[in-house]
Amino acid sequence: EQGGCRKMLTLGIVLIAHCIFDFYLQSTGMAVQKETDNKVLVLHCVIYCVGISLVVNAIYEIGCLQNLIIFGVLIASHYFMDGPARLYLCKGGRSPIARFAIDQIAHVLILTALDFFLLFCARTRGYTVELIQVHSVELAWTGSSVAVCRPAGIAVSKMLESARGQNSDEKGDTVHSGKWIGIFERLIVVALSLLAQYSAIAFVFTAKSIARFKEIENNQGFAEVYLLGTLASVVFAMGSALLFSYLFSLC
């Protein structure tokens, strides 16, 4: 049972680190440039792998050899997934959301396998599980909030990209304000979910529907995209809250 606790607690920390180093410390410009500039891709991989390695070292007591193995596995897998694998997926004609989902699932599987390997190898005195348990509530809120801002925002935008096609008339300030509305919407849903106030989530739909009522009424295409975006945001937010609540509240 204690081993199961450690698996979930440490995996939660690693996933928070993944969100930070793969999204917040990778600008939109860097994400675009790394597709054509190998130097930018290598820089992103180094930043990501150094960050994850530091977090892993904060959780476990590991030696130089294990550090080298971890860094080697991380940088090789991350370079492959963000380089050759991404190009292959693009050439395969898959939708933006499918490419994004495949990429992130691969990253999470690698990190999960790595965390389980470290749990298997590490000695008991190398864990900081007790510290993580003390702050499990704060970590659940932190993980959920980190996941639903930039990562979920990118996922929703990828989903809407194919839905809008070339007919989107949302430009300039509308797109910029929509981005921030989505962020605050997901944060509200996360807070309500973590507080178990699920019925109050209807407030989000009501507030957005009032603001866009005329457009929804007069433009069926917009109404469908609006509904897709809102539902996707809510699903990502509730899913993140439930996931991190489970990871940090298992014990």
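The structure displayed is predicted, hence computed values, not measured ones. (Residues numbered from 1 in each chain as written. Predicted model: local features only at pLDDT ≥ 70, side-chain atom pairs only at ≥ 80, totals over all residues. Heavy atoms only, no water.)

**Q** Could you give an account of the overall build of the chain, naming the residues involved and the relevant values?
**A** Scanning the chain for helices and strands turns up 13 helices and zero strands. When the helices and strands of the chain are read in sequence order from the N terminus, they spell out α-α-α-α-α-α-α-α-α-α-α-α-α. Sequence separation of 24 or more characterises 80% of the internal contacts of the chain that already satisfy a separation of 6 or more. Total accessible area computed for the chain in this model is approximately 13600 Å², and 67% of it derives from carbon and sulfur atoms. (Helix = DSSP H or I, 4+ residues; strand = E, 2+ residues; numbered from the N terminus. Contact = heavy atoms within 4.5 Å. Areas by Shrake-Rupley, 256 points an atom, 1.4 Å probe, with all protein chains shown as cover.)

**Q** So what about empty space enclosed by the protein? Which residues, and what values?
**A** Under the counting rule described, the total for this entry stands at one cavity of 30 Å³ or more. Estimates place the volume of the largest cavity at around 30 Å³. In terms of lining, the largest cavity is formed by Tyr48, Leu74, Ser77, His78, Met81, His107, Ile110 and Leu111. Broken down by secondary-structure element, the contributors of at least two residues to the lining of the largest cavity are helix 4 (64-82) and helix 6 (96-121). In terms of residue count, the dominant contributor to the lining of the largest cavity is helix 4 (four residues). The class makeup of the residues in the lining of the largest cavity is five nonpolar, three polar and no charged. (1 Å grid on protein atoms, 1.4 Å probe; cavity = no way out; pocket = protein on both sides within 12 Å on 5 of 7 lines; lining within 4 Å. Points joined across faces, edges and corners; volume = space filled by probe spheres on them. Nonpolar A, V, L, I, M, F, W, Y, C, P; charged D, E, K, R; others polar.)

**Q** Give a description of the layout of surface pockets that names residues and reports values.
**A** Its boundaries defined by the atoms lining it, the second largest pocket holds a volume of some 560 Å³. Elements supplying a minimum of two residues to the lining of the second largest pocket: helix 1 (2-24), helix 6, helix 9 (150-164) and helix 13 (220-249). Its residues assigned to classes, the lining of the second largest pocket shows 18 nonpolar, four polar and no charged.

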